[in-house]
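Spelled out, the chains give:
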Amino acid sequence: MGRIDGRALNQLRPVKITRNYLKHAEGSVLIEMGDTKVICTASVEEKVPPFMKGQGRGWVTGEYGMLPRSTEVRKPRDSTRGKIDGRTMEIQRLIGRALRSVVNLEALGEITIFIDCDVIQADGGTRTASITGAFVALVDALNKLKAQGKISRIPLDSFVAAVSVGIKESNILLDLNYAEDSTCQVDMNIIMTEKGHLVEIQGTGEEKPFTKEEMDQMLRLGEQGIKELIRIQKESLGELSGIIGDEGNGSN
Ligand code: CDP
């Protein structure tokens with residue numbers, strides 16, 4: 001079976017990570033995965049939420065949004081309806097959990113990092129692109145804190161990235177675009193660290209329940225995609241990539 005955009009079944013869309021994309025945020029990235037484009041910023045606040053005060057630990061939290069015309073049919077702003085919809089809430093919590101899984105919050109100290117992921121163009125896989133891009137923005141923000149002497153090392157145990165996989169007409173596909181996402185029988189979002197340790201899996205076989213064997217195949221393909229994405233994160237970070245994980249607690 002050929003794919004709509006001519007890719008091999010196990011091929012990512014073209015990935016581009018542009019660092020220092022915006023002026024004000026401590027870390028900012030434009031990530032493009034094919035036609036999906038997300039701006040990810042990491043903003044530093046030198047305090048923690050009231051319930052965490054005095055514990056010597058930091059916090060990383062995620063927010064996510066789609067620009068009204070990031071989609072084919074205009075999607076009203078959340079603020080227009082006065083509340084965040086369920087999908088947005090799910091995705092922003094996922095982003096927070098994904099990044100916290102590799103941050104050593106004790107080593108961060110009483111600092112909060114706000115991760116904002118804003119989709120400017122949606123063509124499938126916006127949550128996974130958000131996580132992969134946000135990690136790079138987070139490294140830049142942490143590196144700024146280190147340069148200012150506010151932390152003694154980069155408190156990251158590992159790289160983390162995310163990708164979608166799915167089953168369409170019995171084929172296992174890597175990195176679904178919207179046309180594939182909306183017509184596949186099974187889709188799964190996988191978040192994984194550099195060592196191949198799973199942080200989270202969101203898999204849905206609503207259309208066609210899947211077997212454990214298929215799950216294994218999807219995980220293997222996802223791991224291959226995530227390894228490639230981490231290679232691209234490293235390439236984008238250049239020499240900064242060398243200071244991640246070395247002094248971590250080794251648990252990732
Ligand atoms: O983007 P992601 O795959 O993480 O999330 P999804 O909820 O599975 O949505 C898949 C795709 O549907 C998005 O990437 C968009 O291209 C499209 N979508 C949309 O056009 N309008 C929405 N309100 C939500 C999703």
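Residues numbered from 1 in each chain as written. Predicted model: local features only at pLDDT ≥ 70, side-chain atom pairs only at ≥ 80, totals over all residues.

- An unreviewed UniProt entry lists the protein chain under the name Ribonuclease PH, with Lutispora saccharofermentans as the source organism.
- Heading Catalytic activity (unreviewed entry) of the UniProt record for the protein chain holds this comment: "tRNA(n+1) + phosphate = tRNA(n) + a ribonucleoside 5'-diphosphate".
- Its UniProt record gives the protein chain the following Subunit (unreviewed entry) comment, quoted word for word: "Homohexameric ring arranged as a trimer of dimers." (UniProt positions renumbered as here; feature names shortened; annotations may be inferred.)

**As for the UniProt feature "binding site: phosphate" (unreviewed entry) in the protein chain**
Here is step 1: The UniProt record annotates "binding site: phosphate" (unreviewed entry) at Arg87, Gly125, Thr126 and Arg127. In terms of the greatest pairwise C-alpha distance, the residues named above, spread along 41 residues, form a tight cluster of at most 13.2 Å across.
Here is step 2: Here Thr126 is to be found in helix H4 (residues 126–147).
Here is step 3: Beyond its immediate chain neighbours, meaning those up to four positions away, Thr126 contacts Thr36, Val38 and Val119.
Here is step 4: Turning to its location among the elements, Arg127 is positioned in helix H4.
Here is step 5: Owing to 23 C-beta atoms within 10 Å, Arg127 belongs among the buried residues under this scheme.
Here is step 6: In contact with Arg127, not counting residues within four places along its chain, are Ile91, Leu94 and Asn189. (Helix = DSSP H or I, 4+ residues; strand = E, 2+ residues; numbered from the N terminus. Contact = placed C-beta atoms within 7 Å. Buried ≥ 20, exposed ≤ 12 C-beta atoms within 10 Å, placed from the backbone.)

**Considering the site of the ligand**
Here is step 1: Surrounding the ligand, one finds Thr71, Glu72, Lys75, Arg87, Ala122, Asp123, Gly124, Gly125, Thr126, Arg127, Tyr178 and Asp181.
Here is step 2: Broken down by secondary-structure element, the contributors of at least two residues to the shell around the ligand are H4 and helix H5 (178–181).
Here is step 3: In terms of residue class, the shell around the ligand is built from two nonpolar, four polar and six charged. (Near = placed C-beta within 6 Å. Nonpolar A, V, L, I, M, F, W, Y, C, P; charged D, E, K, R; others polar.)

**Observations concerning the pairing of strand E9 (residues 198–204)**
Here is step 1: As paired elements, strand E8 (residues 186–193) and E9 share six bridges and run antiparallel to each other. Residue Ile190 lies in a different strand from E9, and its bridge partner there is Ile201.
Here is step 2: Where E8 folds back onto E9 in an antiparallel hairpin, the turn is made up of four residues, including Gly196, whose phi is positive at roughly 85 degrees. (Pairing = 2+ DSSP bridges.)

**A short note on the UniProt feature "domain: Exoribonuclease phosphorolytic" (unreviewed entry) in the protein chain**
Here is step 1: Residues annotated in UniProt with the feature "domain: Exoribonuclease phosphorolytic" (unreviewed entry) correspond here to residues 11–141 and 159–224.
Here is step 2: In the segment residues 159–224, helix accounts for 26% and strand for 42%; the C-alpha atoms at its two ends are 15 Å apart.

**Concerning the packing of helix H2 (residues 86–100) against H4**
Here is step 1: As a packed pair, H2 and H4 sit with axes 10 Å apart at the nearest point and diverge in direction by 40 degrees. Judged by the inter-axis angle, H2 sits oblique to H4. The two elements H2 and H4 meet at a crossing, and its hand is right-handed. Mapping the contact onto sequence places Ile91, Leu94, Ile95, Ala98 and Leu99 in H2 and Arg127, Ser130, Ile131, Ala134, Phe135 and Leu138 in H4.
Here is step 2: For the contact of H2 with H4, the residue count by class is nine nonpolar, one polar and one charged. (Axes fitted to C-alpha atoms, helices over the stretch in contact; angles between N-to-C directions. Parallel < 35°, antiparallel > 145°, perpendicular 65-115°, else oblique. Left-handed = near helix turned anticlockwise from the far one by under 90°.)

**Re the nonpolar core**
Here is step 1: Counting residues in each nonpolar core, the largest one holds 67 residues, and the members touching the most others are Leu99, Ala134, Leu138 and Ala161.
Here is step 2: Ranked by the residues each element gives to this core, the list is headed by H4, at 11 residues.
Here is step 3: For Ala161, the residues in contact, after removing those within four places along its chain, are Ile131, Thr132, Phe135, Met192, Ile226, Leu229, Ile230 and Gln233. (Core = buried A, V, L, I, M, F, W, Y, C linked by C-beta atoms within 7 Å.)

**A look at the sheet that holds strand E5 (residues 112–121)**
Here is step 1: Spatial ordering of the open sheet is given by E1-E2-E3-E5-E4, a layout of five strands whose pairing is mixed. What marks the edges here is a single partner per strand, and that holds for strand E1 (15–19) and strand E4 (59–66). Taken pair by pair, the neighbouring strands of this sheet meet at an average axis angle of 15 degrees, ignoring direction.
Here is step 2: Where strand E2 (residues 27–33) lies against strand E3 (residues 36–45), seven bridges are found, and the strand directions are antiparallel.

**Looking at the sheet that holds E8**
Here is step 1: As summarised here, the arrangement of the four strands in space is E7-E6-E8-E9, forming an open sheet in which the pairing is antiparallel. Bordering the open sheet on either side are strand E7 (171–174) and E9, each of which pairs with just one other strand. Taking each pair of neighbouring strands and ignoring which way they run, the sheet shows an average axis angle of 15 degrees.
Here is step 2: One ladder, built from four bridges, connects strand E6 (residues 160–168) with E7; its direction is antiparallel. Residue pairing in the sheet places Ile167 in a bridge with Ile172 of E7.
Here is step 3: The sheet contacts of H4 involve E6 and E8, and relative to E6 the element is tilted by about 160 degrees.
Here is step 4: The strands touched by helix H6 (residues 212–237) are E6, E7, E8 and E9; relative to E6, the strand with the most contacts, the crossing angle is about 140 degrees.

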